[in-house]
There are 2 protein chains.
Amino acid sequence: MKSTIPESGMPITQPDRQEASLHGEILLRLRDYVVEGNIPEGARVPERQLCAMLGISRTPLREALKVLAAEGLIELLPNRGARVRELSERDLEELFDVMAGLESLAGRLACEAITDEEIAAIERLHYEMYGHYLNSDMHGYFQVNQRIHESIVAAARNETLRAAYDSFAGRIRRVRYSANFARKRQRWGEAMREHEAILDALRRRAGSELSDTLFQHLRNKRTAAIEHLAAARGATTATVAGS
Amino acid sequence: MKSTIPESGMPITQPDRQEASLHGEILLRLRDYVVEGNIPEGARVPERQLCAMLGISRTPLREALKVLAAEGLIELLPNRGARVRELSERDLEELFDVMAGLESLAGRLACEAITDEEIAAIERLHYEMYGHYLNSDMHGYFQVNQRIHESIVAAARNETLRAAYDSFAGRIRRVRYSANFARKRQRWGEAMREHEAILDALRRRAGSELSDTLFQHLRNKRTAAIEHLAAARGATTATVAGS
DNA sequence: AAGACAAAAAATGAATGCAAAATGAGTCTC
DNA sequence: GAGACTCATTTTGCATTCATTTTTTGTCTT
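Residues numbered from 1 in each chain as written. Chains lettered and ligands numbered in written order. Predicted model: local features only at pLDDT ≥ 70, side-chain atom pairs only at ≥ 80, totals over all residues. Heavy atoms only, no water.

(A) Region of the structure containing the relation of the copies chain B and chain A. Relative to chain A, chain B is turned by 180° and slid 0.1 Å along the rotation axis, the superposed coordinates differing by an RMSD of 0.2 Å. This pairing of chains is accounted for by a two-fold axis. (Least-squares fit on C-alpha atoms with pLDDT ≥ 70 in both.)

Written out as structure tokens, the structure is:
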């Protein structure tokens, strides 16, 4: 049994992370594999090839593919196999808006339950992020920024919300990998100010206000991201067309 | 190699949702079957029995079960089969809050794109609902109420949001079937007033305000629903315990 | 008689097999 | 020479089969 698993493309990460069953393990690995952008957009992914790569039979793989399709990461064309779902500009706009709505909700709920310690932790993250901003450390800034938003979602004390948030985040993350969201200096400064407003509303536990501020903040992010991505795609398209 | 990209613009994914394939058909039927509450909470659902009922083999059924599990309708215990997911009081609170967040978002987005005709249609629904309210027609009221909220979600012009909304609505609907949400007269009147406020904000395209009003409206709904359900469950538990 | 152990029965998880549809190549026609 | 048609190959969808795990049942011991 164990010896039937050959050296596949991806190493067996952990015996049981949470899903002891094979299809669960496959699901986690495949999801990561797709989210990390290892398969080009719209590319056809033959089942056999994935089976060989993962060292399993088609049954659990197909089960995992069905789930990923339900999650919106891939799409299954009848009798034509699985493709990585292409995200149009409109899809991205929609996804960003939903994410904004979820975070806006998270902020509102967080105000009802967040502790002073949690707020203090977020404040520390905020100052850490400010340091990265001053140093023009985009990567560090981005990471801490992510942690702040995750902290807010965590403070909402709503596992259902967190799961949905993670799911949508995964759908966007795949794009983030391809197009690195280099941010304009000006927008960066605005973002910092917005973060201060967020922190302020959070301190006062002003749920409605925080909800609003968070939504606007993410809306601005959306605009910047979409613009950047459109430019990147335009360039890519031009290159392809020119070749 | 040259034309490996057939229709990269937009594959044929809309026309046939998933009814063509067997597993898609099974998925739709099973989802309805579970959502409508045909299987008691926490009940074990033998695969064989379902296969016999649906007249198929286990393979497509298991694929559908995996998807339903991912949607949160059922849970799959390793080596112990599928069970209809039991929703704790906390789960319901979380679900209601997420629904409130999504509708709140829908209202905000709707203000950006809704047409006068759509608003007029919602106003008509509102007055129709008011009639049901005056006639104490709970069922009619409930249905029209649902249509109003769906109209707002539709007006948001965000398919991703709509899909998420439908998914979460399905998870709650199963409970709605078991426990009929008889509403207290007083709360009913409050709900009508809230609806008027919603309509008012919508007319003025006041996004932030509508977002806030919708959230509060659904929060109040949540409280009423949870209380009612807790009472119903308490009664059921008592009956079971007494028998 | 009650509890524990063991074997049989059933159910689940995964692999394999088979039919139908799609893809691709080769040939034929115009 | 280009396009269309036909047939072989590949791939997908589903059913069936095989191997574990769980559950049940029956017996034995205390």
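(B) Helix α6 (residues 138-155) of chain A, seen in detail. Residue and element names in this part refer to chain A. Here α6 contains 18 residues, and its C-alpha end-to-end distance of 26 Å stays within 8% of the 26 Å for a straight helix at 1.5 Å per residue. Looking at where α6 begins, the residue whose side-chain oxygen comes 3.3 Å from the main-chain nitrogen of His 139 is Asp 137. One or two residues past the end of α6 sits Arg 157, with phi positive at roughly 55°. (Helix = DSSP H or I, 4+ residues; strand = E, 2+ residues; numbered from the N terminus. Expected span 1.5 Å × (residues − 1). Polar contact = N/O pair within 3.5 Å; in protein donor to acceptor, adjacent residues only side chain to side chain.)

(C) Quick peek at the packing of α6(A) against helix α8 (residues 185-203) of chain A. All names here are of chain A. One way to put it is that α6 packs onto α8 with a least axis distance of 13 Å and a crossing angle of 25°. Between α6 and α8, the crossing angle belongs to the class labelled roughly parallel. Classified by chirality, the crossing of α8 by α6 is left-handed. Between α6, through Met 138, Tyr 141, Asn 145, Ile 148, His 149 and Ile 152, and α8, the contact on the second element is made entirely by Trp 188, Ala 191, Met 192, His 195 and Ile 198. Of the residues in the contact of α6 with α8, the class split is 8 nonpolar, 3 polar and no charged. (Axes fitted to C-alpha atoms, helices over the stretch in contact; angles between N-to-C directions. Parallel < 35°, antiparallel > 145°, perpendicular 65-115°, else oblique. Left-handed = near helix turned anticlockwise from the far one by under 90°. Contact = heavy atoms within 4.5 Å. Nonpolar A, V, L, I, M, F, W, Y, C, P; charged D, E, K, R; others polar.)

(D) Spatial organisation of the side chain of B:Glu103. Residues and elements named next belong to chain B. The residue Glu 103 is located in helix α4 (residues 89-113) in this model. One buried charged residue, Glu 103, remains without a salt bridge, the closest side chain of opposite sign being Lys 221 at 5.7 Å. Leaving out residues up to four positions away in the same chain, Glu 103 has contacts with His 149, Val 153, Tyr 165, Leu 214 and Leu 218. (Buried < 20%, exposed > 50% of the residue type's maximum accessible area, 1.4 Å probe, protein only. Lys, Arg positive; Asp, Glu negative; His and termini not counted. Salt bridge = Lys/Arg side-chain N within 4 Å of Asp/Glu carboxyl O.)

(E) Seen up close, the protein's contact with DNA strand C. Around DNA strand C, the surrounding shell holds 19 residues, and the nearest of these are A:Leu22, A:Ser57, A:Thr59, B:Arg58 and B:Arg62. Within the contact set of DNA strand C, a phosphate oxygen lies 3.2 Å away from a side-chain nitrogen or oxygen of A:His23. Residue A:Ser57 places a side-chain N or O atom 2.4 Å away from a phosphate oxygen belonging to DNA strand C. Every element with two or more residues in the surface near DNA strand C is listed here: α1 (22-35) and α3 (58-71) of chain A together with α2 (47-54) and α3 (58-71) of chain B. (Near = heavy atom within 4 Å.)

(F) Representation of the pattern of salt bridges. All names here are of chain B. Applying the stated criterion across every chain, the model contains 42 salt bridges over all chains. For the salt bridge of Arg 174 with Glu 41, the shortest nitrogen-to-oxygen distance reads 3.3 Å. Within this pair, whereas Arg 174 is found in helix α7 (residues 159-178), its partner Glu 41 is found in the loop between α1 (22-35) and β1 (44-45), the two being separated by 133 residues in sequence. Its relative accessible area of 3% is what places Arg 174 among the buried residues. Its relative accessible area of 31% is what places Glu 41 among the partly exposed residues. Arg 157 serves as the salt-bridge partner of Glu 118, at 2.8 Å between the closest nitrogen and oxygen. Of this pair, Glu 118 sits in helix α5 (residues 116-134) while Arg 157 sits in the loop between α6 (138-155) and α7, and the two are 39 residues apart along the sequence. For Glu 118, a relative accessible area of 25% puts it in the partly exposed group.

(G) Molecular detail of the sheet that holds strand β2 (residues 74-77) of chain B. Residues and elements named next belong to chain B. Read from one edge to the other, the open sheet built from 3 strands follows the order β1-β3-β2, with strand pairing classed as antiparallel. Edge positions in the open sheet fall to β1 and β2, since each of these has one partner strand only. Judged from the 2 bridges that link them, β1 and strand β3 (residues 81-84) form a sheet pairing that is antiparallel. Counted as the bridge partner of Arg 44 is Arg 83 from β3. Most of the contacts of α3 go to β2, to which it runs at about 115°, and overall it touches β2 and β3. (Pairing = 2+ DSSP bridges.)

(H) Representation of the sheet that holds strand β1 (residues 44-45) of chain A. Residue and element names in this part refer to chain A. Taking strand neighbours across the sheet as the criterion, the 3 strands line up as β1-β3-β2 in an open arrangement whose pairing is antiparallel. Every interior strand has two partners, whereas the edge strands, β1 and β2 (74-77), have only one. Of the pairings in the sheet, the one linking β2 to strand β3 (residues 81-84) comprises 4 bridges and is antiparallel in character. Bridge pairing links Leu 77 to Gly 81 in β3.

(I) Representation of the nonpolar core. A:Leu102, A:Leu161, B:Leu102 and B:Leu161 are the most contacted members of the largest nonpolar core, which totals 94 residues. Not counting residues within four places of it along the chain, the set of residues in contact with A:Leu102 comprises A:Leu161, A:Ala164, A:Tyr165, A:Phe168 and B:Leu102. In terms of nonpolar packing, the next biggest core, distinct from the first, is built from 24 residues, A:Cys51, A:Leu54, A:Ile56 and A:Ala64 among them. (Core = buried A, V, L, I, M, F, W, Y, C linked by side-chain atoms within 4.5 Å.)

(J) Spotlight on the protein's contact with DNA strand D. Near DNA strand D, the surroundings consist of 19 residues, among which A:Arg58, A:Arg62, B:Leu22, B:Ser57 and B:Thr59 are the closest. In DNA strand D, atoms within 4 Å of the protein come 70% from sugar and phosphate. Between DNA strand D and the protein, one listed contact pairs a phosphate oxygen with a backbone N or O atom of A:Glu47 at 3.4 Å. Interatomic distance of 3.2 Å between a backbone N/O atom of A:Asn79 and a phosphate oxygen of DNA strand D. Of all the secondary structure elements, the ones that give two or more residues to the surface near DNA strand D are α2 (47-54) and α3 of chain A together with α1 and α3 of chain B. A total of 3 residues in the surface near DNA strand D trace back to one element, the largest contributor, which is α3(B). Tallied by class, the residues present in the surface near DNA strand D amount to 4 nonpolar, 7 polar and 8 charged.

(K) Spatial organisation of the interface of chain B and chain A. With 38 residues of chain B at the interface, the matching set in chain A holds 37 residues. Buried surface at the junction of chain B and chain A, both sides included, amounts to about 3100 Å², of which 55% is carbon and sulfur. The tally of links from chain B across to chain A stands at 8 salt bridges. Linking chain B to chain A there are 14 residue pairs in polar contact (both at pLDDT 80 or more). At the level of elements, α3, α4, α7 and α9 (207-242) of chain B are the ones that each hand at least two residues to the side of chain B that touches chain A. Classifying every residue of the side of chain B that touches chain A gives 13 nonpolar, 10 polar and 15 charged. (Buried area = accessible area lost by both parts, 1.4 Å probe.)

(L) Expanded view of unusual backbone geometry. Despite not being glycine, A:Asn79 has its phi angle at roughly 65°, a positive value. With relative accessibility at 85%, the residue A:Asn79 sits in the exposed group.

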